[in-house]
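# Architecture and fold: a report
Below, each chain spelled out in residue letters.
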Amino acid sequence: MKDKVVIAISGGVDSSVAALLLKEQGHEVVGITMCLGVAAEVGGHTKCCGPREIEDARRVCQILEIPHYTMDFSGDLEEHIVRTFIEEYARGRTPNPCVACNRHIKFGTLLDKVTAMGFDFIATGHYAKMERKEGRSALARSREARKDQTYFLHAIKREALDRIRFPLADLTKEEVRQIARANRLPVSDKQESQDICFIPEEGYGAFLRSRSIDVKPGQFVDREGNVLGIHRGYALYTTGQRARLGGWSGEPLYVLAIDAKKNRVVVGGKADLLAPGLAAERVNLLVDDLPARCVAKIRYAHRGAACRVDFDGDLLRVVFDEPQDAITPGQYVVLYDDGFVLGGGVIREALT
Amino acid sequence: MRLIEWKTMKRIYLDHAATTPVDPEVIEAMLPFFRETFGNPSSIHSFGQQARSAVEGAREMVASFMGAKPAEIVFTSGGTESNNFAIKGIAWANRKKGNHIITSAIEHHAVMEPCRFLEREGFEVTFLSVDSRGLVDPCDVEKAITDRTILVSIMHANNEIGTLQPIAEIGKIARECGVCFHTDAVQTFGHVPFTVDELNVDLLSLSAHKLYGPKGVGVLYVRKGTRMEPHMHGGEQEGKRRASTHNVPGIVGLSKAVELAGKTMPGEEARIAGLRDKLIRGIFDRVDDVRLNGHPERRLANNVNVSITYCEGEAMLLSLDLMGIACSTGSACSSTSVEPSHVLRAIGLSVEETRGSLRFSLGRHTEDHEIDRLLDVLPGIVRRLRAMSPAYRSMTAGRGAGG
């Protein structure tokens, strides 16, 4: 069955190889690069969605002989992603804009648009798998666990899953690079971007200040409120991060909490980071019902921890078998069972 | 929609304002100047003399077409260079006289950017606003002129919305005030009949590839007695006004294209205007909430520019292109900017309306059935895209409630 598929192509090696695979499978493929209005870097290296990336994406599509277009999503980026990102920082939380982008833009507005244009599917270069389970589409981890990106995909609306393809599901990053090299795609050796695309290279501080977040020195305090030192601005810290205080000679200190209103960063010893569980809000489910027990990841690099889950109204309560450290408000908790993604939500607070 | 044929399908080209296909007769005329008559017109020998003869013949052809003298024709690399040369050449030559330039808010980038460059060099530029149909008011030009004004530059027809400006009137005012007057006629030369004297212009830019000639060649008409500072320095070509070895095949191609335009212009423009009006009527009959951008009467015969609300130009353009119909939009995301069209903003469109803009520009080979095909597919594309627009849904729901 030949389908009409849009590949969301960024100019990186992953989406380029995904486009190639779709073409080889015989689908009618069109490449679309999302233009997010991210300003071109002067001098330094380019970022995702910059002019250089769009040129790379165009070149790959020319080589693959598929049509290529760019579409402007700068308005959506501002409305759905950047505004929330700033609001979350203002509340002292550490947001994850990539999750929101996948929900609202890639697999939201873009998917709706290409559906309206008559396409059957949208595909991306994510390391993730779309499987069928009990007659429904189910999101599953990619073969290479180290590269698995389902953490960033868990918030996609469930009804969108039927229209999504992940051509790299069974490949490792190395295999993807080999395919790119074997097919002489000019992006085979490109470095991965790890940064948030709309944060300029001058860094978080400059960006947050430009969006009226007050980044100014404040106090490091312990749980009892004793002042231990001076920090550079609460928005530059995240829960679990090592806090370096000038002149501090005691045990290493870690960020336990952030008080945006008072511009205070609460610090404590490593043991103080541990919490038995968490409460999460804005929960998105990709299954009908949650099992009583499953595995939870509390950040992208987290290995996952066995837990019990239940709902308290709209609030998801996760209680770990073993206490976990650095539970960060604003980050996501994502639930897994047997390699399948059950859903997830935004961490509101650690349970005590 | 079948994409399999994307590379080979029969296509409908409705983007003649961007560029036109080179006429086969033009190609034929150019070929000998790549092969046998390849000489450098600046050379003294017979090879050079033959090439020179071709260039001078072309100069006479272009000059007579616009009622100019051959010595007033300067060959350039195209419209952008002609505009740059006109504006910088006048500004630099008249530095002592004044530093004020008047232009409009809807000029092509090839006029806007040289003006902005000169602003950084210390010149003052007035960007005149236009009315909702894209017209410059000649009275505004008159009011803007000061004793420091050295140049007025107003385009003949706008490339996006097709509005034809009252160039003759503006030229008359400029002349009475003793100010040099330039017009960018890239969209009109060879399409709209005129002479430089009728238009009262001192400088006029044109480009070959907008009239079925090759890319990379154009002309700047410079009225005799107009002082210009060269912007290309080197050899003594073009009466020392523009150095660079002549692009002989290009110049010959331009000349042939002008000759062909002279033969076809009157009948062709009427035919194309008929298709244009059919397309405008057809869109208004089949799609609701459409607005025609530009002037209802004073517009290029080949230009249709509409804003289709709650429908993104990009998505419509992409859908049409996948069906083999090529057009353009005022809100395209290029690799360097996502700025909506300055022209559409200048005639008062909201950002939302610029996003829903589409430009169809017809040409010599546009046929009736191609317009029919476009009118067949466009309503369905609009309907599907609007169905996913929350704003359109709530707007139509509101209408229903209101009866």
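This part takes up the packing of helix H9 (residues 313-322) of chain B against helix H12 (residues 368-387) of chain B. Residue and element names in this part refer to chain B. Look at H9 against H12: their axes get within 10 Å of each other, and the N-to-C directions meet at 135 degrees. Taken together, the axes of H9 and H12 are oblique relative to one another. Considering only the axes of H9 and H12, their crossing is right-handed. Contact with H9, carried on its side by Ala315, Met316, Ser319 and Leu320, involves Ile381, Val382 and Leu385 of H12 and no other residues of that element. Partitioning the contact of H9 with H12 into residue classes produces 6 nonpolar, 1 polar and no charged.

All names here are of chain A. When the domains of chain A are assigned, the result is domain 1 (4-182), domain 2 (215-272) and domain 3 (274-351). Its C-alpha centre places domain 1 at a distance of 25 Å from the equivalent point of domain 3. Across the contact, 17 residues belong to domain 1 and 16 residues belong to domain 3. Looking at the side of domain 1 that touches domain 3, the element that brings in the most residues is strand E6 (residues 136-140), giving 3 residues.

Moving on: helix H4 (residues 97-116) of chain A. When the local axis directions of H4 of chain A are compared, the greatest deviation, roughly 30 degrees, occurs at Leu110 of chain A. Just downstream of H4 of chain A, Gly118 of chain A is the residue with a positive phi angle, here 100 degrees.

Counting residues in hydrophobic clusters, the biggest one holds 211 residues, and the most contacted among them are Ile7 and Ala19 of chain A together with Tyr221 and Met316 of chain B. The element best represented in this core is helix H8 (residues 248-286) of chain B, accounting for 12 residues. Dropping the residues within four chain positions of it, Met316 of chain B is found in contact with Ile308, Cys311, Leu358, Ile381, Val382 and Leu385 of chain B.

Right, let's talk about the domain arrangement of chain B for a bit. Residue and element names in this part refer to chain B. Domain assignment breaks chain B into domain 1 (4-21 + 265-401) and domain 2 (24-261). Counting residues at the interface gives 24 residues for domain 1, matched by 26 residues for domain 2. Where the side of domain 1 that touches domain 2 is concerned, the elements lending two or more residues are H8, strand E10 (303-308) and helix H10 (342-346). The leading source of residues in the side of domain 1 that touches domain 2 is H10, at 3 residues. Broken down by class, the residue content of the side of domain 1 that touches domain 2 amounts to 9 nonpolar, 10 polar and 5 charged.

What follows concerns the sheet that holds strand E1 (residues 4-8) of chain A. Residues and elements named next belong to chain A. If you walk across this open sheet you meet the 5 strands as E3-E2-E1-E4-E7, and the pairing is parallel. Two strands in the sheet have a free side with no partner beyond their single neighbour: strand E3 (68-72) and strand E7 (164-165). Pairing of strand E2 (residues 28-35) with E3 involves 5 bridges; the strand directions are parallel. Bridging from a neighbouring strand, Met34 pairs with Met71 of E3.

Glancing now at the pairing of E6 of chain A. Both faces of the sheet carry side chains from a regular strand, because those side chains alternate between them. Residue and element names in this part refer to chain A. Pairing of strand E5 (residues 129-133) with E6 involves 5 bridges; the strand directions are antiparallel. In the strand pairing of E6, Arg132 is matched with Ser137. Counting the residues that bridge the hairpin from E5 to E6 gives 2 residues, and of these Glu134 lies at a positive phi of roughly 50 degrees.

Rules and cut-offs
- Residues numbered from 1 in each chain as written.
- Chains lettered and ligands numbered in written order.
- Predicted model: local features only at pLDDT ≥ 70, side-chain atom pairs only at ≥ 80, totals over all residues.
- Axes fitted to C-alpha atoms, helices over the stretch in contact; angles between N-to-C directions.
- Helix = DSSP H or I, 4+ residues; strand = E, 2+ residues; numbered from the N terminus.
- Parallel < 35°, antiparallel > 145°, perpendicular 65-115°, else oblique.
- Left-handed = near helix turned anticlockwise from the far one by under 90°.
- Contact = placed C-beta atoms within 7 Å.
- Nonpolar A, V, L, I, M, F, W, Y, C, P; charged D, E, K, R; others polar.
- Domains from an automatic or database assignment.
- Bend = angle between axes of the 7 residues up to and from the residue.
- Core = buried A, V, L, I, M, F, W, Y, C linked by C-beta atoms within 7 Å.
- Buried ≥ 20, exposed ≤ 12 C-beta atoms within 10 Å, placed from the backbone.
- Pairing = 2+ DSSP bridges.

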